Amino acid sequence: MEPVTVRNVSLVNGILLGGLEKMSGHDISLLIYTLIAIILLIFLIAKVKWHPFVVLLLTSVILGMLAGMKLPDVADAIQDGVGNTLGSIAVIIGLGTILGKMLAESGGADQIANTLLNKFGERKVHWAMMIVAFIVGIPVFFEVGLVLLIPLVYTVARKSGMSLLKIGIPMVAGLSTVHGLLPPHPAPMIAVEGLNANVAKTILYALIVAIPSVIIAGPVFGSFIAKRISGLEMPKALSEQFSKKDSKELPSFGITLFTILLPVILMLIGSLSDVLEESKTLSEWSGFLGKPIVALLISVIVSFFTLGYARGFNKQQLSSFMGECLAPTATIILVIGGGGAFKNVLITSGVGDAIANLAVNTHISPILFAWLVAALIRVATGSASVAMTTAVGIVAPVLANVNGVNTELIVLAIGSGSLILSHVNDAGFWMVKEFFNMSVAQTLKSWTVMETLLSIVSLIIVLLLSVIV
């Protein structure tokens, strides 16, 4: 095996060195400065434990100064980066969070789960949990979806006597898949907006990639790992707290499913605007309704009636729900904004062009390059959202220098890369560990392997899809 390994390493080194030889000294310096900034970013987040938002802004300033930018230009680049990134994403995060809150308070998530569980039966309940998570995770961040669905995992495990991991791994796989791959979830929307990809096409390709990926990483792997990590018990306090929902008060399955899928339906309608060009009015309305912000706004308003007033909530309660759910999103929004600042400094300073030149000269596949960049940032920072935001800034200049690149597949490559190897610097890692009452070693064997499997399988499918589309 050793000669093969050495030959492969030599080949990679030869490709990279060949690319570096074709670059100017200034470009090489910019790459070195970027490496320094990223190492500093990793150190301050992982070791010093500073907040990622502060670290991203600080490293943006340092990178701009090292790259030779004028100081006022550094400040402007950071300000513009935050503003441009959050211009639409902040609204999407807010609206998606409200929709998720309505789903939780009304019991809509429970209704979806209960209906699917009844259809699938106890023997296939882990498949039902995957589908539930896939649907529920569309409008909410992973952490919110996990808190939302963990009561169902406890309830199902208690009733069926099935392993907590066999039920839980498909659930977290479903949430994670949507988080990284499927618009209108805010995380992949970052890449869609940043790369000017077509939302409807991205949704279509994402479904093609996501469905087999989540099956392999979810029910298949969950059944495998559950046999090797046994004896897990539900945390008693949490289990008791999460088992008080009265199923008689739940909204209907049909109205709940319609409400949660409405933003996706409206975005798909938006893809018809080009087809309806002969009718200017229909084309304009189609394009308008398909905008993510408009689609989510309409869905939130609809949820006030279908999951709010119809369930007996009054206007004061709805207002309270919105206040409760929006406050925790501040940190998420700030971190994404910090990633946008770092991204814009990369572009403004010329680092993006230098990276693009390296990628072009070394003839690395744009899809593989996009995945690798996102994967490295994910491992370094522990945040899928930061990985996607920063990777977009690095990858975008590469696309400008390469013809015939499918931007929708690049979005999915970045998304799949952002999911890999969740470990101790990821908040999701610790949430899964605590909710499933596992040790660090058990969490690495189950959750971390699941995330890595999900990332690699989705990348393979994206590469296969690139041959066809």
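Per chain, residues are indexed from 1 in the order of the written sequence. A pLDDT threshold of at least 70 governs which residues receive local features in this predicted model, and a stricter bar of 80 or more applies before side-chain atom pairs are shown or counted, although totals over entire chains, interfaces and linings include all residues. Each side-chain value is worked out from all heavy atoms of the structure, with water and hydrogens disregarded.

**Some details on the overall build of the protein**
Part 1: Counting its regular elements, the protein contains 22 helices and zero strands.
Part 2: Accessible area is worked out with a 1.4 Å probe on protein chains only. A residue is then buried under 20% of its type maximum, exposed over 50%, and partly exposed in between. Buried residues in the protein amount to 53% of all 469 residues.
Part 3: A separation threshold of at least 6 residues defines the contact pool for the protein, and within that pool the share at least 24 residues apart is 79%.
Part 4: Accessible surface for the protein amounts to roughly 20,200 Å². Of this, 65% is attributable to carbon and sulfur atoms. A run of H or I in DSSP counts as a helix once it spans at least four residues, and a run of E counts as a strand once it spans at least two, with each numbered from the N terminus. We call two residues contacting when some pair of their heavy atoms lies within 4.5 Å. Here, Shrake-Rupley sampling with a 1.4 Å probe gives the accessible areas, and only protein chains in the shown set may cover a residue.

**Remarks on the packing of helix 19 (residues 384-400) against helix 20 (residues 407-417)**
Part 1: Between helix 19 and helix 20, the least distance of the axes is 10 Å, while the angle of their chain directions is 145°. Note that helix 19 runs across helix 20; the crossing there is right-handed. Packed against helix 19, whose contacting residues are Met388, Ala391, Val392, Val395 and Leu399, the element helix 20 presents Thr407, Ile410, Ile414 and Gly415 at the interface.
Part 2: Charged means Asp, Glu, Lys or Arg here, nonpolar means Ala, Val, Leu, Ile, Met, Phe, Trp, Tyr, Cys or Pro, and polar covers whatever is left, Gly included. Considering only residue class, the contact of helix 19 with helix 20 consists of seven nonpolar, two polar and no charged. In this analysis an axis means a line fitted to C-alpha atoms, helices contributing only their contacting stretch, and an angle means the value between N-to-C directions, from 0 to 180 degrees. Crossing handedness follows the turn of the near helix against the far one: under a right angle anticlockwise gives a left-handed crossing, and clockwise gives a right-handed one.

**Here's the deal with helix 20**
Part 1: For helix 20, the tally of buried residues reaches 11 of 11 residues, placing the bulk of the element in the interior.
Part 2: Here helix 20 has its buried residues at Thr407, Glu408, Leu409, Ile410, Val411, Leu412, Ala413, Ile414, Gly415, Ser416 and Gly417.
Part 3: The N-cap residue of helix 20 is asparagine 406: its side-chain oxygen and the backbone nitrogen of glutamate 408 are 3.0 Å apart. Two N or O atoms form a polar contact when they lie within 3.5 Å of each other; inside protein one atom must be a possible hydrogen donor and the other a possible acceptor, and for residues adjacent in sequence the pair counts only when both atoms belong to side chains.

**Observations regarding the pattern of salt bridges**
Between side chains of opposite charge, a pair can form as their charged atoms come close.
Part 1: Throughout this description, the term salt bridge denotes a Lys or Arg side-chain nitrogen within 4 Å of a carboxyl oxygen of Asp or Glu. Evaluation of the coordinates by the stated rule reveals one salt bridge.
Part 2: The partner of glutamate 451 in a salt bridge is arginine 378, with the nearest N and O atoms 3.1 Å apart. Of this pair, glutamate 451 sits in helix 22 (residues 440-468) while arginine 378 sits in helix 18 (residues 366-381), placing them 73 residues apart in sequence.
Part 3: With a relative accessible area of 4%, arginine 378 lands in the buried category.

**Considering the nonpolar core**
Part 1: Among buried residues, those of type Ala, Val, Leu, Ile, Met, Phe, Trp, Tyr and Cys that are joined through side-chain atoms within 4.5 Å constitute a nonpolar core. Grouped together as the largest cluster of nonpolar side chains are 138 residues, with contacts concentrated most on Leu165, Met171, Val172, Ile414 and Phe436.
Part 2: If you tally residues by element for this core, the top one is helix 4 (residues 71-106), at 12 residues.
Part 3: Beyond its immediate chain neighbours, meaning those up to four positions away, phenylalanine 436 contacts Ile150, Val153, Leu164, Leu165, Gly168, Met171, Val172 and Leu232.

**Overview of the packing of helix 10 (residues 199-226) against helix 22**
Part 1: One way to put it is that helix 10 packs onto helix 22 with a least axis distance of 9 Å and a crossing angle of 150°. In the crossing of helix 10 with helix 22, the sense of the turn from one axis to the other is right-handed. Between helix 10 and helix 22, the residues in contact are Tyr205, Ile208, Val209, Pro212, Ser213, Val214, Ile216, Ala217, Phe221 and Ile225 and Lys445, Ser446, Val449, Met450, Leu453, Leu454, Val457, Ser458, Ile461, Val462 and Leu465, respectively.

**A short note on helix 3 (residues 52-66)**
Part 1: Here a helix's expected span is defined as the number of its residues, less one, multiplied by 1.5 Å. In this model helix 3 runs 21 Å from its N-terminal to its C-terminal C-alpha over 15 residues, within 8% of the 21 Å that 1.5 Å per residue would give.
Part 2: Restricting attention to buried positions, one finds in helix 3 the residues Val55, Leu56, Thr59, Ser60, Leu63 and Gly64. One side of helix 3 carries all its buried residues, which in axial view fall inside an arc of 160°.
Part 3: Of the residues one or two after helix 3, glycine 68 is the one with positive phi, at around 90°. The arc refers to the directions leading from the helix axis to the C-beta atoms.

**Considering the environment of glycine 174**
Part 1: Position of glycine 174 among the secondary structure elements: in helix 8 (residues 164-181).
Part 2: For glycine 174, a relative accessible area of 0% gives the class buried.
Part 3: Once the C-alpha coordinates of glycine 174 and glycine 218 are considered, the two residues, 44 residues apart in sequence, prove to be 7.1 Å apart.
Part 4: Non-local contacts of glycine 174, meaning those with residues more than four positions away in its chain, are made with Met130, Ala133, Phe134 and Val214.

**Comments concerning unusual backbone geometry**
Part 1: One non-glycine residue with positive phi stands out, namely lysine 49, at about 70°.
Part 2: On the basis of relative accessible area, lysine 49 is assigned to the exposed category, the value being 62%.
Part 3: Of note, leucine 421 is a non-glycine position whose phi angle comes to about 50°, a positive value.
Part 4: Within the secondary structure, leucine 421 is located in the loop between helix 20 and helix 21 (427-435).
Part 5: On the basis of relative accessibility, which here comes to 37%, the residue leucine 421 falls in the partly exposed class.

**Considerations on the packing of aromatic side chains**
In this description, an aromatic ring pair is defined by two values, namely the gap between the centres and the angle between the planes.
Part 1: Stacked, tilted and edge-to-face are the three classes assigned to paired rings of Phe, Tyr and Trp, where Trp is represented by its six-membered ring and a pair needs centres within 6.5 Å; plane angles under 30 degrees give stacked, over 60 edge-to-face, the rest tilted. In total, this model carries four aromatic pairs according to the counting rule given.
Part 2: Pairing phenylalanine 305 with tyrosine 309 gives two aromatic rings, centres 5.3 Å apart and planes at 65°, and the pair type is edge-to-face.

**Section: a nonpolar patch on the surface**
Part 1: Judged by side-chain polarity, Phe43, Val48, Trp50, Val54 and Leu58 come together as a nonpolar surface patch covering roughly 430 Å² of accessible area.
Part 2: Structurally, phenylalanine 43 can be placed in helix 2 (residues 25-46).
Part 3: You can call phenylalanine 43 partly exposed: its relative accessible area is 45%. Like charges within 9 Å and nonpolar side chains (Val, Leu, Ile, Met, Phe, Trp, Tyr) within 5 Å are joined into patches, using only residues over 30% in relative accessible area that form no salt bridge.

**A word on the environment of lysine 291**
Part 1: Mapped onto the elements, lysine 291 comes out in the loop between helix 13 (280-289) and helix 14 (292-308).
Part 2: According to the relative accessible area criterion, lysine 291 is exposed, its value standing at 52%.
Part 3: Placed 28 residues apart in sequence, lysine 291 and proline 263 show a C-alpha to C-alpha distance of 9.4 Å.

**A word on the side chain of serine 416**
Part 1: Inspection of the secondary structure assignment puts serine 416 in helix 20.
Part 2: In contact with serine 416, not counting residues within four places along its chain, are Leu181, Trp371, Ser455, Ser458 and Leu459.

**Some thoughts on the confidence of the model for the protein**
Part 1: Per-residue pLDDT for the protein averages 79, and the proportion of residues at 70 or more is 83%.
Part 2: Taking the mean pLDDT of every element in the protein, the minimum, 45, falls on helix 1 (residues 2-21) and the maximum, 93, on helix 20.
Part 3: Counted against residues more than four places away or in other chains, residues 1-17, with its pLDDT under 50, gives three contacts.
Part 4: In the predicted structure, residues 241-247 sits below a pLDDT of 50 and forms 12 contacts with residues beyond four places in sequence or in another chain. The pLDDT value expresses, per residue, how confident the predictor is, ranging between 0 and 100.

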